[in-house]
Amino acid sequence: MEVWAEKILTGINKKNPLIVEAGRGIDSEVKNINQEHRHHPADPLPDKEHTHEYDPHIWVDPLLASLLARAIFTSLSQTDPPSSDFYRKNAELLFKKFNELDLQIKQSLSGCRQHTLVFGGHFAFGHFVKRYNLEFIPAYRGFSPNSEPSARQLAYLIKTVKEKNIKYIYYEELLSPKLAYMLSKETGCALLLLHAAHNVGREEIKKNITYFDIMTGNIENLKKGLECGNN
Ligand SMILES: [Zn+2]
C-alpha cells in the first residue's frame, strides 16, 4: 500500500531481512467486508471513483489489528525460535489489549442516539463501522486521501446531517480539515477528531502515544458525537 515501502526494502543491506506480510492471512476476511460494503446504506448511488477494490485501513478494527499482530508474532517466533517464549508472552498481552479495546468500544457505543458517522475526510473507517454496526458518510468516497469529494456526495452528506439532526462532524488527522470546517459552517455542526491511526508524528512519539491512546481518544469523541450514554 505504501509507496515508500518498496524503497525501504531495496535499501536494506542485511542479508536476510525478515519481511512480514502482516495482512496476508486476513485477505479473505477483508474482501468479504468490502463485498458487503457495496450495499452500504451510506452509498446513495454507485460512484465512479468509489471503487471498493480494497480498503487498506485494516487496523482501525481492533480485531483485525490483532490478526496483524498475530502474523508478526508468528514470523518472529519462526525466525528466532530461541526467543519464541518471549514473543509469545508479549503477544498474548497485546492480543488481550485488542480484545479489551473491542469490548470497550462495544460498551461505549451501546445506547447511542445517533448511528451515523459523518466524516469530513477520506474513506478510512470502513472496517470500523462494519464491526460496530455504524453508518458512515465520508466526504471523500475513495480510500486514498488524494481522492476528490464530489458535489453529489457533499450534498448527500449535508442533507443527512439535517434530516438526522446530527450535531457533530468528524475530521481526520492527515488531511487539512478545510473541508470539514466548510461542512461544519454549512450545517452548524461542531467538529471532533477521529484519528485513523495511519501514523504518529515526532511529537506523539516523544509522548509515547500508542495505537491504544489514539483509539481511547476516538472512543471519547465517538461517545460525544453519537450522543451515547450520559454525554
Ligand atoms: Zn488512509
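Residues numbered from 1 in each chain as written. Predicted model: local features only at pLDDT ≥ 70, side-chain atom pairs only at ≥ 80, totals over all residues. Heavy atoms only, no water.

Draft legend 1. Highlighting helix 7 (residues 178-187). Buried residues of helix 7: Leu179, Ala180, Leu183, Ser184 and Thr187, and no others. Projected down its long axis, helix 7 shows its buried positions confined to an angular sector of 135°, all on one face. In helix 7, those exposed residues whose orientation departs by more than 90 degrees from the buried face are Lys178, Tyr181 and Lys185. Tucked into the core, helix 7 has its buried residues touching helix 6 (151-163), strand 3 (168-171) and strand 4 (190-193). Taken from the residues just after helix 7, Gly188 is the one with a positive phi, measuring 75°. (Buried < 20%, exposed > 50% of the residue type's maximum accessible area, 1.4 Å probe, protein only. Helix = DSSP H or I, 4+ residues; strand = E, 2+ residues; numbered from the N terminus. Arc of directions from axis to C-beta. Contact = heavy atoms within 4.5 Å.)

Draft legend 2. Structural view of the packing of aromatic side chains. All told, the structure shown has 10 aromatic pairs when counted by the stated rule. Here Phe119 and Phe125 contribute two aromatic rings whose centre-to-centre distance is 5.3 Å and whose plane-to-plane angle is 75°, an arrangement assigned as edge-to-face. The two residues Phe119 and Phe125 agree in class, both being buried. Relative to Phe212, the ring of Tyr211 has its centre 5.3 Å away and its plane inclined at 90°; by these criteria the two rings are edge-to-face. By the burial criterion, Tyr211 is buried, and Phe212 matches it. Among the aromatic residues, those joined into a cluster by ring pairs are Phe119, Phe125, Phe128, Tyr132 and Phe136. (Phe/Tyr/Trp six-rings, centres within 6.5 Å; stacked < 30°, edge-to-face > 60°.)

Draft legend 3. Quick peek at the side chain of Glu172. Structurally, the position occupied by Glu172 is in the loop between strand 3 and helix 7. Side chain to side chain, Glu172 and His122 meet in a polar contact 2.7 Å long. Residues within four places of Glu172 in sequence aside, it is in contact with Phe119, Gly121, His122, Leu193 and Leu194. (Polar contact = N/O pair within 3.5 Å; in protein donor to acceptor, adjacent residues only side chain to side chain.)

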